[in-house]
Amino acid sequence: MSDYKPKPLLAVSEALALMAAAVRPLTDVEVVPTLAANGRVLAKAQVSEMNVPGRDNTQMDGYAVRAADCVSGNAALTVSQRIPAGHVGQPLLPGTAARIFTGALIPEGADAVVMQEQCELVGNLVTIRHAPKSGEWIRRAGEDITNGSVILPSGTRLRSQELGLAASVGLAELPVKRKLRVAVFFTGDELTMPGEPLAPGAIYNSNRFTLRALLENLGCEITDFGIVPDSLDATRSVLRECAQAHDLIITSGGVSVGEEDHIKPAVEAEGKLNMWQIAVKPGKPLAFGEVGKAFFVGLPGNPVSSFITFLMFVRPFLLRLQGVTEGLAPRAFPMRADFNWPKADKRNEFLRARINATGGLELFTNQSSGVLTSTVWGDGVIDNPPGQTIAAGDMVRFIPFSELMY
């Protein structure tokens, strides 16, 4: 009788910690135009060399006045000038008003703006039917950004908002980490590309499309080695090729323990495996290790397993490699379950669910790891701990796909 005992499955938290500890962030930096920096990771904190706004300006179309001239709430003032945005007015004389337009600089001497709806213009005389307070409808210089302040810390993943902020202080270029170089390949003699005839027993390679799109969303530079034959020699050969010029190798399929599953022995022959099986459903077989100087992640072949394990494990690892410092763990929101899940699993489950019209969560009827429809139907996943049943009305942890897709 054999004394062999299988190793216990690694908890999700342990797997995430193991991968995080292994990270060697990219150090190569390149300077790119701000217009071309969307999705890149900032390599150096950016400091503003100006105030925004640069000078006091108006938030409204209306009249710039001295508040002291309008205390009656019915003051009649001569319109002395007209100040469009982008123009500098003359100092405002007592007893006069300046017609002013949104964004225009406040003239010297004025300390308030009265919106045009509270004013009546007849000829060159405007009646101010309001008693403004000093500072009313004025944006102060530096109200948004002060000279010398850090507007974007190092490690920021640049989105449209960050690019607009950089542009608002005149930054035409930004230093960013180089793109992460990722090699991908897919194992399985049954795999066929869309557009090709589907032989008996064959399936279309959906994972190739899903994973490439996920990597593109994360700003990676992808080399696709396609479908690799189910043989140990072929798998070892492509692993060696991938390791030569890439930071990370990602595969899909072949990480289980069947006779045709060659990823595990191939990686152990060409490098090392640090992690193999995780207490997660879907997606128990998840390999993590190194081949040469490249990290390696082997995802399961079932499409939902591959999708979920990428989002939960590979995404934060990729972001750390790129030097991202915030938003690594997706936000989870407590929400009401409008379903029953009476059978607890020993693994951490990620259940595909969507938000219904009453603000609760409904579950996709088939939670199988091969039902890709659930990922399109759903709004996100319920993070259900090991050994946990769910009854209608319980509060659960819901992670929207929007937290996992950027």
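Bear in mind the structure is a predicted one, so any value in this text is a computation, not a measurement.

Draft legend 1. Looking closely at the overall build of the protein chain. The number of helices and strands found in the protein chain is seven helices and 26 strands. Relative to a compact globule of 406 residues, whose C-alpha radius of gyration would be 22 Å, the protein chain shows 30 Å and is clearly more extended. The principal-axis extents of the C-alpha atoms in the protein chain amount to approximately 105 × 50 × 45 Å. In the protein chain, which comprises 406 residues, the proportion classed as buried is 47%. About 19,600 Å² of surface is accessible on the protein chain, with carbon and sulfur atoms providing 53% of the total. Charge separation in the protein chain, taken as the distance between the mean sites of 38 positive and 42 negative side-chain charges, equals 3 Å.

Draft legend 2. Local environment of the sheet that holds strand 6 (residues 96–100). If you walk across this open sheet you meet the six strands as 7-4-6-5-9-8, and the pairing is mixed. Each edge of the open sheet carries a strand with a single partner, namely strand 7 (112–115) and strand 8 (119–122). Pairs of neighbouring strands in the sheet enclose a mean axial angle of 40 degrees, with direction left out of account. The pairing of strand 8 with strand 9 (residues 125–128) spans four bridges and is antiparallel. Within strand 9, the position partnered with Cys119 by the bridge is Ile128.

Draft legend 3. Representation of the pairing of strand 5 (residues 75–83). Note: strand 5 against strand 9, four bridges, orientation antiparallel. The partner of Ala75 across the bridge, within strand 9, is Ile128. Pairing geometry for strand 5 and strand 6, over five bridges, is parallel. Looking at strand 6, one finds that Gln81 is bridged to Ala98.

Draft legend 4. Fine view of helix 1 (residues 12–22). Restricting attention to buried positions, one finds in helix 1 the residues Val12, Ala15, Met19 and Ala22. Angularly, the buried residues of helix 1 cover 100 degrees about the axis, an arc narrow enough to put them on a single face. Among the exposed residues of helix 1, those oriented more than 90 degrees off its buried face are Ser13 and Ala21. Along its buried surface, helix 1 packs onto strand 18 (271–277), strand 19 (280–281), strand 20 (285–291), strand 21 (294–299), helix 6 (303–321) and strand 23 (348–355).

Draft legend 5. Spatial organisation of the domain arrangement of the protein chain. Annotation of the protein chain at the domain level lists domain 1 (12–27 + 179–322), domain 2 (30–51 + 146–177), domain 3 (57–139) and domain 4 (333–403). Put simply, the middle of domain 2 and the middle of domain 4, counted by C-alpha atoms, are 38 Å apart.

Draft legend 6. Structural detail: the pattern of salt bridges. For the coordinates displayed, the defined rule picks out 18 salt bridges. For Arg236, the salt bridge goes to Glu270, with nearest N and O atoms at 2.7 Å. Taken as a pair, Arg236 in helix 4 (residues 232–243) and Glu270 in helix 5 (residues 263–270) lie far apart in primary sequence, 34 residues in all. Arg347 serves as the salt-bridge partner of Asp345, at 3.6 Å between the closest nitrogen and oxygen. For Asp345, a relative accessible area of 15% puts it in the buried group. Several salt bridges converge on common partners, so that one network encompasses Asp28, Arg178 and Asp247.

Draft legend 7. Representation of the nonpolar core within the structure. In terms of nonpolar packing, the biggest core is built from 46 residues, with Val182, Ile250, Val297, Phe310, Phe313 and Leu318 touching the most fellow members. When residues of this core are traced back to their parent elements, those giving at least two are helix 1, strand 13 (181–187), helix 3 (206–217), strand 17 (248–252), strand 20, strand 21 and helix 6. Residue-level mapping places this core at the junction of two domains, with at least three residues from each of domain 1 (12–27 + 179–322) and domain 4 (333–403). Leave out the neighbours within four places in its chain, and Val182 touches Leu215, Cys220, Glu221, Ile222, Thr223, His246, Leu248, Ile250 and Leu318. Counting residues in each nonpolar core, the second largest holds 15 residues, with Val228, Ile249, Ile263 and Phe296 among its members.

Draft legend 8. Just unusual backbone geometry, in detail. Along the chain, Val52 connects to Pro53 via a cis peptide bond; the corresponding omega equals -5 degrees. You can see Pro53 is positioned in the loop between strand 2 (46–47) and strand 3 (57–58). Here the amide bond leading from Lys281 into Pro282 is cis, since omega sits at 0 degrees, within 30 degrees of zero. Note that Pro282 resides in the loop between strand 19 and strand 20.

Draft legend 9. Structural context of the sheet that holds strand 21. Spatially, the six strands line up as an open sheet ordered 16-13-17-21-20-18, and their pairing is mixed. One side of each edge strand has no neighbouring strand; the edge strands of this open sheet are strand 16 (221–228) and strand 18. Mean inter-strand twist for the sheet, computed between neighbouring axes without regard to direction, equals 15 degrees. Relative to strand 20, strand 18 runs antiparallel, the two sharing five bridges. In the strand pairing of strand 20, Lys272 is matched with Glu290. Across the sheet, helix 4 is in contact with strand 13, strand 16, strand 17, strand 20 and strand 21; its angle to strand 16 comes to roughly 170 degrees. Its contacts with the sheet put helix 6 on strand 13, strand 17, strand 20 and strand 21, and the angle it makes with strand 21 is roughly 165 degrees.

Draft legend 10. Broad picture of the state of the cysteines. What the rule picks out here adds up to zero disulfides. Lacking any disulfide linkage, Cys119 is separated from the closest cysteine sulfur, that of Cys70, by 8.2 Å. Here Cys242 stays free of any disulfide, with the sulfur of Cys220 as its closest cysteine sulfur at 14 Å.

Draft legend 11. Structural detail: helix 5. Of all the residues in helix 5, the buried ones are Ile263, Ala266, Val267 and Glu270. Along the axis of helix 5, the buried residues cluster in a sector spanning 95 degrees; they form a single face. Buried residues along helix 5 sit in contact with strand 13, helix 4, strand 17, strand 18, strand 20 and strand 21.

The rules we used
- Residues numbered from 1 in each chain as written.
- Predicted model: local features only at pLDDT ≥ 70, side-chain atom pairs only at ≥ 80, totals over all residues.
- Heavy atoms only, no water.
- Helix = DSSP H or I, 4+ residues; strand = E, 2+ residues; numbered from the N terminus.
- Rg over C-alpha atoms; globule rule 2.2 N^0.38 Å.
- Buried < 20%, exposed > 50% of the residue type's maximum accessible area, 1.4 Å probe, protein only.
- Areas by Shrake-Rupley, 256 points an atom, 1.4 Å probe, with all protein chains shown as cover.
- Lys, Arg positive; Asp, Glu negative; His and termini not counted.
- Charge placed at Lys NZ, Arg CZ, Asp CG, Glu CD.
- Pairing = 2+ DSSP bridges.
- Axes fitted to C-alpha atoms, helices over the stretch in contact; angles between N-to-C directions.
- Arc of directions from axis to C-beta.
- Contact = heavy atoms within 4.5 Å.
- Domains from an automatic or database assignment.
- Salt bridge = Lys/Arg side-chain N within 4 Å of Asp/Glu carboxyl O.
- Core = buried A, V, L, I, M, F, W, Y, C linked by side-chain atoms within 4.5 Å.
- Disulfide = S-S within 2.5 Å.

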